[in-house]
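# Breakdown of the fold
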Amino acid sequence: MLALLFVSALSWAQSTLKDEMARVEKQYGVRFIYDASLNLGVPATQKATSLTEALSQLFANSEIQYDIKGSYVVLRKARRFTVSGTITDASTGETLIGAGVFSGDKGVVTNNYGFYSLTLPEGKIRLSFSYVGYAPRTEILSLDKDLSLDMALTPDATITAAEVTGWKEAGIGAVGLGAQEIPQAVIQRAPMLFGEADVLKSLQLLPGVQAGYSGSSGINIRGGGPDENLLLLDGIPIYNGEHLLGLFSVFAPESVKKVTLYKSSFPARFGGRTASVVDVRMNDGNAEELHGGFTVGLLTDKAHLEGPIGGKTTFSLTGRVLHTGLVELIGRPMGLPANYFFYDVHAKVSHKLSPKDILTASFYHGRDRFRQGESRYNVYRYYDENYAPYDRYVDDLRTYRMDWGNTVVGLRWNHVFNGRLFSNTTLSWTGFRSGMQTGNGDKIRDYEQSSYKESDFRYFSNISDFTLQTNFEYTPSPSHAVKFGAALTRHVFVPDGQTLSEKEMANEVVVRDTVLSHYSGTYMPGLEASAYVEDEIALGSMVTVNPGLHVALFSSMGKTYTSLQPRFSVRWDISDAVALKAGYSRMAQYVHLLPFTRISLPTDVWVPITDKIAPQTADQWSLGLYYTGLPGWDFSAEAYYKDLQNIVERKSDRLAFVGADQWENTIVMGVGRAYGIEWLVEKTTGRLTGWLSYTLSRSERRTPDGTIDNGAWFPFSNDRRHKISLYAAYALNNRIDFCASWQFASGNRMTIPTRHTIVMGENGPQERLYIPSRNNWTAPPSHRLDVSVNFRKKKPRGERVWSIGFYNLYGARNPDYLVALTNNKHRTNDGVEYLDYDQIPEGRIYLNKVTALVFLPSFSYTRSF
């Protein structure tokens, strides 16, 4: 309501076109002649020194054309036509997302598929095309009908900025707040752990984004948890975004074209999570020639290949594997007892059916696998009935396996109905499967017989979504854009399947092979339907609004929930250099992640809402101030307040494995709040680029029924008060560039017992640990400096790059994990340097921080062709 009043007040304060026409008549002694059907009530302003300049300013953003006839100015409604098409890279044919197309002060940007639509008055026009890192192009056209015009821009490394006057969904130029694009150069060059470029770790450099733990790719945004982030790969959700216990994200940088993070003012097309949306778009593939490359790093090997197939089809293929995955091929047949590795594959094929139709198939598959085996061989001496000795050979086998990963399959059809209406329809399947297996076996052999007995226990968790969605973009004019669509998803959750089996053999003959117990899991189906509409429209030259509505229905376990999620953003251009934004959004979440450890493991399972657990909702208000008056620099400050309802908190802070049929009994529903302010200073042009950001935030939870801390507010585990991020990239020349990042963050919150106490139990006095409140202790802050340098050399075909990096350059002793120390407990020798035992008072508990990642150098070699 406040936002609507704000917009109304701004509109009321502006002069209308009719008011300004009266001033022109008085100032220049002319008379306007026009038809009464013309709309003269729209906001307008002019500050001119001549009649021609005044008329140009007044009617520049209207559908009115004018002719000067002596002392009369004749007005008429102009005919309007649409120019539309696709903008691509001239060298690869890859579509460019967010490229600018403008004529005068009217412009648009290309959508996620490189398509643009610009409607202009009839006549001669000058059409300009621009994109960062590409040479701009200009076309002069005579517009007397709708035109289709595709444009290819040529890469130019000297172009570090581009004029874009159209609407964008991210950055300072967008109407909404809290949306940022992470440049591909930052993803590829930013110094990271083990020298491995990583999409999600790059996001951790942005304001409002907290890391999970040192070196991990996990992200916690504006007081939310890891399960509150919607990860999208070409618009298809991915449930688990991490490899190697969180040290890598599942998105191979070589396959990625664009990454956009939304923290607030969510576009109406998004739903399903309450904290953020990470929208990752894959490369379509080189349409001009075969191109590829490979990278050998400290931990992983990567290969990428893309190119044309015929004249209308392109492909892109990227593979990545941990070095130990290659060792597995040789080591396992040779009896290697244990190994861990992961791999993933990104693939995409696009085919141009016609000038208006493109069909695209995309695929992702990634797995993490761990196995450990142990064999104990013993020989026992026995005697037969004649007291003759014989030996019995016993081979005791123990095996343990873990396996988890995502699979995504998508088929998308893009269609251009006309110059103003664009659509994309996607049919997709996404699945996440995790499992564990433990096995015990005994092989016994002597002179009389041989026998074998084994037992096997398997646990698995599955999620699968089958989705049909369609989206439309309608652009009636450069100052008006409408987006709408709908989606239908069939969810299937099986969080706790189990199988226990036994097998016995005697003299190579199976005497018993049976399944002792089999539980196919709690089958938890769900149906989700949603529809949305959003309308971005300019109210004059200073104010732009974007109201939207997302409507969702979720049915599971005999219960149906509906949700109306309004969205609203407004932008007020106070001047050419200063803008003020405000926004409100409501998001709803229908799934929850049940973690059983502090790090990502396959034991973590996803479960849907039930008749007892209502959808979690988040209402977020935000306000931002932006300044772009200093060439090459951007300044911004954004404040937010988030109100959370129906959040899930564990009754006990201890993490433990709980079956899906019992999890409802271990949690309690609560409310939460998160608020903060984020400052960002960014240098966007020149040899030296980068940014400095500071975040001051707070996140709290409360259980109104008093289950936790008697209903009082307590800090959320991801409540980290201060965060500073500094990123800088310097291009010494076209062969050598340097990158550095420095990060500081307050410690996260933990529940720690403060002392031992005595309580009266059924059997008399008992010793217990005393915990005063939930998340009562703040871990020490962490900080580190990471640096890297890249040495590039152009080859006859492609480029060679040596990259050298240093993680935690000055060796900061950050709290990677903590060890509790008390003189009431038995001390174990686990390699940790404890405090002197005699220095710990009776009954007190102390924590000792342990730093695992002190200083790590890295290197990688990349060769492209």
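Residues numbered from 1 in each chain as written. Predicted model: local features only at pLDDT ≥ 70, side-chain atom pairs only at ≥ 80, totals over all residues. Heavy atoms only, no water.

### Regarding the packing of aromatic side chains
One pass over the structure, following the stated rule, counts 22 aromatic pairs. Arranged with centres 6.2 Å apart and planes meeting at 65°, the rings of Phe370 and Tyr400 form a pair that is edge-to-face. In this pair, Phe370 sits in strand β25 (residues 357-383) while Tyr400 sits in strand β26 (residues 389-416), placing the two residues 30 residues apart along the sequence. Classification of Tyr400 by relative accessible area gives partly exposed; the value is 26%. Here the aromatic rings of Phe417 and Phe472 are separated by 6.2 Å at their centres, their planes lie at 35°, and the arrangement is tilted. On the criterion of sequence distance, the pair formed by Phe417 in the loop between β26 and β27 (421-445) and Phe472 in strand β28 (residues 450-477) is long-range, its members being 55 residues apart. For Phe417, a relative accessible area of 40% puts it in the partly exposed group. Site record: aromatic cluster; members linked through ring pairs are Tyr584, Trp621, Tyr641 and Tyr675. (Phe/Tyr/Trp six-rings, centres within 6.5 Å; stacked < 30°, edge-to-face > 60°. Helix = DSSP H or I, 4+ residues; strand = E, 2+ residues; numbered from the N terminus. Buried < 20%, exposed > 50% of the residue type's maximum accessible area, 1.4 Å probe, protein only.)

### Quick notes on the sheet that holds strand β8 (residues 123-131)
Ordered in space as β6-β5-β8-β9, the 4 strands form an open sheet in which the pairing is antiparallel. Edge positions in the open sheet fall to β6 (106-109) and β9 (134-143), since each of these has one partner strand only. The mean angle between the axes of side-by-side strands here comes to 20°, regardless of whether they run parallel or antiparallel. Examined bridge by bridge, β8 and β9 share 8 bridges and lie antiparallel to one another. Counted as the bridge partner of Ser128 is Thr138 from β9. (Pairing = 2+ DSSP bridges. Axes fitted to C-alpha atoms, helices over the stretch in contact; angles between N-to-C directions.)

### A look at the sheet that holds strand β15 (residues 229-233)
Backbone-to-backbone hydrogen bonds pair the strands of a sheet. The strands run either parallel or antiparallel. Taken in spatial order, the 5 strands line up as β12-β19-β20-β15-β16 in an open sheet, and their pairing is mixed. Each edge of the sheet is formed by a strand with only one pairing partner; in this case those strands are β12 (179-181) and β16 (236-238). Averaged over neighbouring strand pairs, the angle between their axes works out to 25° when direction is ignored. Inspection of the sheet shows β15 paired to strand β20 (residues 276-282) by 5 bridges, in the parallel sense. When the sheet's bridge partners are listed, Leu230 is paired in β20 with Val277.

### Topic: unusual backbone geometry
Phi is positive for Asp234, which is not a glycine, with a value near 55°. If you trace the backbone, Asp234 turns up in the loop between β15 and β16. By relative accessible area, Asp234 is classed as buried at 7%. At Asn808, a residue that is not glycine, the phi angle is positive and equals roughly 55°. With respect to the helices, strands and loops of the structure, Asn808 is situated in the loop between β49 (799-807) and β50 (817-822). You can call Asn808 buried: its relative accessible area is 0%.

### Quick look at the packing of helix α2 (residues 17-28) against helix α3 (residues 51-59)
Two numbers describe a pair of packed helices, the interaxial angle and the distance between the axes. Direction vectors running N to C along α2 and α3 enclose 175°, while the axes themselves pass 11 Å from each other. Relative to α3, the element α2 is oriented roughly antiparallel. Listed contacts from α3 to Leu17, Glu20, Met21, Val24 and Tyr28 of α2 are Leu51, Ala54, Leu58 and Phe59. Taken together, the residues that form the contact of α2 with α3 break down as 8 nonpolar, no polar and 1 charged. (Parallel < 35°, antiparallel > 145°, perpendicular 65-115°, else oblique. Contact = heavy atoms within 4.5 Å. Nonpolar A, V, L, I, M, F, W, Y, C, P; charged D, E, K, R; others polar.)

### Things to note about α2
Between its first and last C-alpha atoms α2 spans 16 Å; for 12 residues at 1.5 Å apiece the expected length is 16 Å, and the two agree. Here α2 has its buried residues at Leu17, Glu20, Met21 and Val24. One side of α2 carries all its buried residues, which in axial view fall inside an arc of 105°. In this structure, the buried side of α2 is in contact with β1 (31-33), α3, β2 (64-69) and β3 (72-77). (Expected span 1.5 Å × (residues − 1). Arc of directions from axis to C-beta.)

### Examining the side chain of Thr407
Along the chain, the position of Thr407 falls in strand β26. Among the polar contacts listed, one links the side chain of Thr407 to the side chain of His365, at a separation of 2.8 Å. (Polar contact = N/O pair within 3.5 Å; in protein donor to acceptor, adjacent residues only side chain to side chain.)

### So, a nonpolar patch on the surface
Side chains of Leu353, Leu359, Phe363, Val409, Leu411, Trp413, Leu427, Trp429, Phe466 and Leu468 sit close together on the surface and give an oily, nonpolar patch of about 870 Å² of accessible area. Those elements giving two or more residues to the nonpolar patch turn out to be β25, β26, β27 and β28. Per element, the largest residue contribution to the nonpolar patch is 3 residues, and it comes from β26. Along the chain, Leu353 turns up in strand β24 (residues 338-354). (Patch = residues over 30% accessible without salt bridge, like charges linked within 9 Å, V, L, I, M, F, W, Y side chains within 5 Å. Areas by Shrake-Rupley, 256 points an atom, 1.4 Å probe, with all protein chains shown as cover. Salt bridge = Lys/Arg side-chain N within 4 Å of Asp/Glu carboxyl O.)

### As for the nonpolar core
Counting 32 residues, the largest nonpolar core has Ile182, Leu203, Phe251, Val259, Val278, Trp691 and Tyr727 as the members making the most contacts within it. When contributions to this core are tallied by element, the ones reaching two or more residues are α4 (184-189), α5 (199-203), β14 (219-221), β15, β16, β19 (256-262), β20 and β42 (722-731). Non-local contacts of Phe251, meaning those with residues more than four positions away in its chain, are made with Val199, Leu200, Leu231, Leu233, Ile238, Val256, Val280, Arg320 and His346. (Core = buried A, V, L, I, M, F, W, Y, C linked by side-chain atoms within 4.5 Å.)

### Remarks on the pattern of salt bridges
Overall, the coordinates contain 30 salt bridges when judged by the stated rule. In this structure, the salt-bridge partner of Arg137 is Glu139, at a minimum N-O distance of 3.2 Å. Residue classification places Arg137 among the partly exposed positions, given a relative accessible area of 35%. Within the structure, one salt-bridge network assembled from shared partners comprises Glu94, Asp234, Lys257, Asp284 and Lys348.

### Description of α3
Those residues of α3 not exposed but buried are Leu51, Ala54, Leu55, Leu58 and Phe59. Down the axis of α3, the sector holding all buried residues measures 105°, keeping them to one side. The secondary structure elements touched by the buried residues of α3 are α2, β1, β2 and β3.

### Observations regarding the confidence of the model for the protein
Averaged over the protein, the pLDDT score is 84; the fraction of residues at 70 or greater is 88%. Counting contacts from residues 1-13, a segment whose pLDDT is below 50, to residues more than four positions away or on other chains yields 13 contacts. Confidence drops under pLDDT 50 across residues 824-840; counting only partners more than four residues distant or on other chains, this segment forms 24 contacts. (pLDDT = per-residue confidence, 0-100.)

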